[in-house]
Amino acid sequence: MKENRLPVFSVLDVEKRFLLRKGRNGPVELRALDGVRLDIEEGSSVALVGESGSGKSTLVRLLLGLDRPSDGRVLYDGGDLQQVLSRDRARFAREVAFVYQDARGSMNPRFTIGDIVGEPIRVHRLHPVQHIPQRVSELLERVGLPPSVAVRYPHQLSGGQVRRVAVARALAQQPRVIMADEAVAGLDVSVQASLLNLLRELVAELRVTLVFVTHDLGVASYLCDRIAVMYLGRILETGPVDAILQGPAHPYTRGLLDSFPRFDRPLRAPLRGEIPSPVDLPAGCRFAGRCPCVQPRCTSSDPVAQPLPGGRLVACFHPLSGQSGPT
Amino acid sequence: MDTLADTTLLSLDALSLARGRADVLDNVTFTLGRGQTVGLIGESGAGKSTIALAIIGLLRAPQVALRGSIRFDGVELTTLPESEYRRLRGNRIGLIFQDATAALNPCFTVGAHLAEPLSRHLGLQARERRQRSIELLESVGIGEAALRLDAFPHELSGGMQQRVMIAMALACDPQLLIADEPTSALDVTIQAQIMELILERVRARAASAIFVLHDLALAAQVCDRVVVLYAGQVVEEAPAAELFADPRHPYTRALRACSIELGERDALVPIPGAVPGLEDLPGGCRFAPRCERASARCAQTPPLVTDGTRRIACWHA
């Protein structure tokens with residue numbers, strides 16, 4: 001039991017720009033992330049939520065050390081991630097597991113399921129080689145698969161089964177943090193429900209930290225205890241799930257919540273237009289162009305995240321108060 | 001003065017479809033009234049998309065064995081010659097597919113896509129086609145429509161591509177619009193916009209629509225009636241509000257119990273087991289092996305029984 005007050009990950013004013021071309025008037029850049037701040041506490045489960053193009057996956061790539069920030073820093077255990085990686089990349093790779101969106105594509109088709117799940121154990125030397133088959137069986141059972149699938153190949157399993165194998169592989173390295181990018185997207189509701197239940201049990205049982213990227217607010221609210229809502233390369237609102245669902249402070253969060261189909265309310269389309277291009281970001285608040293509550297100030301200056309009671313942050317000059325949506 | 005024949009636009013009667021040894025559809029029966037919207041829901045392999053493809057005549061003998069009847073506006077479609085079908089598709093029956101990127105030809109501009117039905121079915125000349133195309137794009141919320149006519153599909157966002165496909169589907173004022181998962185590739189804010197748009201256009205023309213959906217809450221809000229399919233059979237059908245307020249078939253209940261509602265923290269209840277393969281379907285009720293209420297009686301196929309506004313195929317309902 002380690003008593004650690006430091007967040008596992010701290011994202012400090014991170015920017016990530018991708019050069020598109022060298023234009024006549026200077027380089028043309030895409031700002032995938034623009035001033036992102038986020039702390040991920042040990043043992044928490046955080047959902048990164050947002051539409052396509054909001055920067056969710058880019059942020060995860062930076063957290064995994066697969067890309068470097070163009071500006072700002074990512075801290076792991078209080079130390080700069082780049083230094084952590086150059087000092088001991090293997091340890092970081094063991095402690096932070098990743099579950100890919102395309103589970104089947106993330107597996108070598110020539111490997112059996114047993115090889116796939118056993119690989120992290122072998123690479124990180126977590127168990128003696130002769131114990132690996134036994135450990136693989138335990139892991140497969142833990143994710144609800146019969147141990148007999150160990151001799152099969154990824155193409156022989158269904159979509160729901162390969163996702164479970166991907167989770168078993170992540171568990172195999174005894175991680176401290178599990179990151180998952182749309183790990184339950186595109187599945188039938190029943191298969192999705194059982195995978196979500198599995199993830200929820202594992203997080204509770206192993207006290208692992210979870211960073212879950214999803215476009216689905218329902219999934220986020222079911223699985224995680226905190227939500228970070230991203231839009232056009234920035235986090236607009238963070239806070240505990242229940243507080244955000246009951247009273248979103250950012251107009252974008254409310255728009256997302258109100259767009260979500262529900263049994264008890266007619267479908268509405270509260271937000272007009274689409275997410276603008278990250279190549280020329282608007283001046284002022286990046287959401288101002290679609291915001292139903294826009295004020296003159298919003299188009300001239302860019303709001304920074306302000307704390308609200310209850311461990312929440314919101315980047316808006318005119319945060320909402322009260323219930324979600326008009327009654 | 002309405003007679004049944006006048007109010008019914010489409011009726012499927014005991015439609016069965018087999019592909020090799022696989023029974024993809026078994027005895028599917030439902031009707032769609034004029035101005036009505038019906039939703040087809042169920043897990044993968046239930047036959048939702050197959051029904052859509054069968055109606056528009058893209059699944060025909062000898063590739064598949066089709067039995068039963070599909071009547072559209074008084075015309076039997078299962079025996080309709082292909083040349084006649086071509087006059088229906090894209091004209092009186094509009095289609096919206098799930099994957100707009102795949103459904104649009106990457107080599108053709110938006111304008112060329114829209115011009116095709118306008119010239120083939122309506123015989124419009126170039127100038128009129130252009131005028132009508134601009135109106136269509138504007139009607140689906142695409143700004144700077146005249147400029148967009150020259151754009152290629154890859155130059156548009158996913159939401160914009162979906163709007164173009166809707167404009168194509170509506171080009172000839174169809175009486176029936178079939179939308180197969182029209183928004184499942186889109187973000188939730190765009191989904192809300194697109195569904196609102198489709199419904200508004202359908203209602204403005206007093207057309208009918210069939211939606212293939214996997215999102216139950218979405219089906220509850222956009223459909224008048226909902227047909228629940230399991231492994232190629234209709235298990236329950238009812239007005240949308242009634243169906244979700246009081247699901248009676250164990251499968252409908254189970255689907256409802258594993259659908260996430262926003263803010264729900266209570267454990268979801270997955271359905272045990274998996275959808276059976278279409279080549280080795282269980283005899284009797286096909287859902288019985290996964291059903292919590294299954295009994296000896298379920299070895300017999302339950303008939304689809306009408307009960308008020310609802311139809312249901314279960315011995316225990």
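Residues numbered from 1 in each chain as written. Chains lettered and ligands numbered in written order. Predicted model: local features only at pLDDT ≥ 70, side-chain atom pairs only at ≥ 80, totals over all residues. Heavy atoms only, no water.

Looking only at helices and strands, chain B has 12 helices and 12 strands in total. Taking 317 residues into account, the globule formula puts the C-alpha radius of gyration at 20 Å, and chain B, at 20 Å, falls close to it. Based on the C-alpha atoms only, the size of chain B along its principal axes is roughly 70 × 50 × 45 Å. Relative to its full complement of 317 residues, chain B shows a buried share of 53%. Residue pairs in contact within chain B that sit at least 24 positions apart in sequence constitute 63% of those at least 6 positions apart. Here chain B has roughly 13,600 Å² of accessible surface; of this, 51% comes from carbon and sulfur atoms. Each charge sign in chain B was given a centre, from 32 positive and 37 negative side chains, and these centres are 4 Å apart. (Helix = DSSP H or I, 4+ residues; strand = E, 2+ residues; numbered from the N terminus. Rg over C-alpha atoms; globule rule 2.2 N^0.38 Å. Buried < 20%, exposed > 50% of the residue type's maximum accessible area, 1.4 Å probe, protein only. Contact = heavy atoms within 4.5 Å. Areas by Shrake-Rupley, 256 points an atom, 1.4 Å probe, with all protein chains shown as cover. Lys, Arg positive; Asp, Glu negative; His and termini not counted. Charge placed at Lys NZ, Arg CZ, Asp CG, Glu CD.)

Counting 139 residues, the largest nonpolar core has Phe212(A) and Phe211(B) as its most contacted members. Contact partners of Phe212(A), with chain neighbours within four places excluded, come to Val46(A), Ala47(A), Leu48(A), Ala180(A), Ala183(A), Val184(A), Leu199(A), Val219(A), Leu223(A) and Cys224(A). (Core = buried A, V, L, I, M, F, W, Y, C linked by side-chain atoms within 4.5 Å.)

All names here are of chain A. Read across the sheet, four strands follow the order S2-S1-S4-S5 without closing on themselves; strand pairing throughout is antiparallel. The sheet terminates laterally at strand S2 (26-40) and strand S5 (79-80), the two strands that pair on one side only. As defined by bridge partners, strand S4 (residues 71-76) adjoins S5 across two bridges and the pair is classed as antiparallel. The partner of tyrosine 76 across the bridge, within S5, is glycine 79. Its contacts with the sheet place helix H2 (residues 81-95) against strand S1 (9-23), S4 and S5, and it is angled at close to 45° to S4. (Pairing = 2+ DSSP bridges. Axes fitted to C-alpha atoms, helices over the stretch in contact; angles between N-to-C directions.)

What follows concerns helix H9 (residues 188-204) of chain B. Residue and element names in this part refer to chain B. For H9, built from 17 residues, the straight-helix expectation of 24 Å at 1.5 Å per residue is met to within 8% by its first-to-last C-alpha distance of 24 Å. Where burial is concerned, most of H9 is hidden: 13 out of the 17 residues are buried. A positive backbone phi angle near 55° is found at alanine 206, which sits one or two residues after H9. (Expected span 1.5 Å × (residues − 1).)

A few words now on the packing of helix H3 (residues 113-123) of chain A against helix H4 (residues 132-142) of chain A. Residues and elements named next belong to chain A. Contact geometry for H3 and H4: axes closest at 9 Å, N-to-C directions at 110°. It follows that H3 is roughly perpendicular to H4 by the angle criterion. For the element pair H3 and H4, the recorded crossing hand is right-handed. Counting all contacts with H3, which are made through Ile113, Gly114, Val117, Gly118, Ile121 and Arg122, the residues of H4 involved are Ile132, Arg135, Val136, Leu139 and Leu140. (Parallel < 35°, antiparallel > 145°, perpendicular 65-115°, else oblique. Left-handed = near helix turned anticlockwise from the far one by under 90°.)

Looking now at the interface of chain B and chain A. The interface is formed by 39 residues belonging to chain B together with 40 residues belonging to chain A. In total, chain B and chain A occlude about 3,300 Å² of area from one another, counting both sides; carbon and sulfur atoms represent 59% of this. Taken together, the connections running from chain B to chain A amount to two salt bridges. With a shortest N-O distance of 3.6 Å, Arg265(B) and Asp242(A) are connected by a salt bridge. In this structure, the connection of chain B to chain A is made through 17 residue pairs in polar contact (both at pLDDT 80 or more). (Buried area = accessible area lost by both parts, 1.4 Å probe. Salt bridge = Lys/Arg side-chain N within 4 Å of Asp/Glu carboxyl O. Polar contact = N/O pair within 3.5 Å; in protein donor to acceptor, adjacent residues only side chain to side chain.)

Bringing helix H5 (residues 110-120) of chain B into the picture now. Turning to H5(B), its buried residues number three or more, namely Val110(B), Gly111(B), His113(B), Leu114(B), Ala115(B), Pro117(B) and Leu118(B). The inward-facing, buried residues of H5(B) abut helix H6 (126-139), helix H7 (145-148) and helix H8 (158-170) of chain B.

Backbone torsion omega between Ala61(B) and Pro62(B) reads 5°, so that peptide bond is classified as cis. Structurally, the position occupied by Pro62(B) is in the loop between helix H2 (48-55) and strand S4 (65-72). Although it is not a glycine, Gln174(A) adopts a positive phi angle of roughly 50°. We classify Gln174(A) as partly exposed; its relative accessible area is 36%.

With the rule as written, the count across this model stands at 11 aromatic pairs over all chains. Relative to Phe287(A), the ring of Tyr252(A) has its centre 5.1 Å away and its plane inclined at 65°; by these criteria the two rings are edge-to-face. Taken together, the residues Tyr252(A) in helix H9 (residues 251-259) and Phe287(A) in the loop between H9 and strand S11 (306-308) connect sequence positions 35 residues apart. Judged by its relative accessible area of 1%, Phe287(A) is buried. Relative to Phe244(B), the ring of Phe263(A) lies with its centre 5.3 Å away and its plane at 50°, an arrangement referred to as tilted. You can see Phe263(A) sitting in the loop between H9 and S11 and its partner Phe244(B) sitting in helix H11 (residues 240-245), one on each of two chains. Classification of Phe263(A) as buried rests on a relative accessible area of 15%. (Phe/Tyr/Trp six-rings, centres within 6.5 Å; stacked < 30°, edge-to-face > 60°.)

Moving on, we come to the pairing of strand S7 (residues 177-181) of chain A. Residue and element names in this part refer to chain A. A large share of S7 lies buried, amounting to five of its five residues. In terms of strand pairing, strand S6 (residues 96-99) meets S7 through four bridges, oriented parallel. In the strand pairing of S7, alanine 97 is matched with isoleucine 178. Both S7 and strand S8 (residues 209-214) contribute to a ladder of five bridges, which runs parallel. Its bridge partner lying in S8, methionine 179 is registered against valine 211.

We now examine the sheet that holds S7(A). Residue and element names in this part refer to chain A. Ordered by their spatial adjacency, eight strands build an open sheet running S6-S7-S8-S3-S9-S10-S12-S11, and the pairing between neighbours is mixed. With one partner strand each, in any of the chains shown, S6 and S11 form the two edges of the open sheet. Averaged over all pairs of adjacent strands, the angle between strand axes in this sheet comes to 20°, irrespective of strand direction. Relative to S8, strand S3 (residues 45-49) runs parallel, the two being bridged by five bridges. When the bridges of S8 are listed, valine 49 appears paired with threonine 214. Sheet strands in contact with H9 are S3, strand S9 (226-231) and strand S10 (234-240), and its direction is about 100° off that of S9.

Residue and element names in this part refer to chain B. Turning to its location among the elements, isoleucine 96 is positioned in strand S6 (residues 93-96). Linking isoleucine 96 and phenylalanine 211, residues 115 residues apart in sequence, is a C-alpha distance of 9.4 Å. When neighbours within four sequence positions are excluded, isoleucine 96 is seen to be in contact with Gln162, Met165, Ile166, Ala169, Leu177, Ile178, Ala179, Asp180, Pro182 and Ile198.

This part takes up the confidence of the model for chain A. Residues of chain A with pLDDT of at least 70 account for 97%, and the chain-wide mean is 92. Segment residues 323-327 of chain A is flagged for pLDDT under 50; beyond a separation of four residues in sequence, or across chains, it makes 12 contacts in the model. (pLDDT = per-residue confidence, 0-100.)

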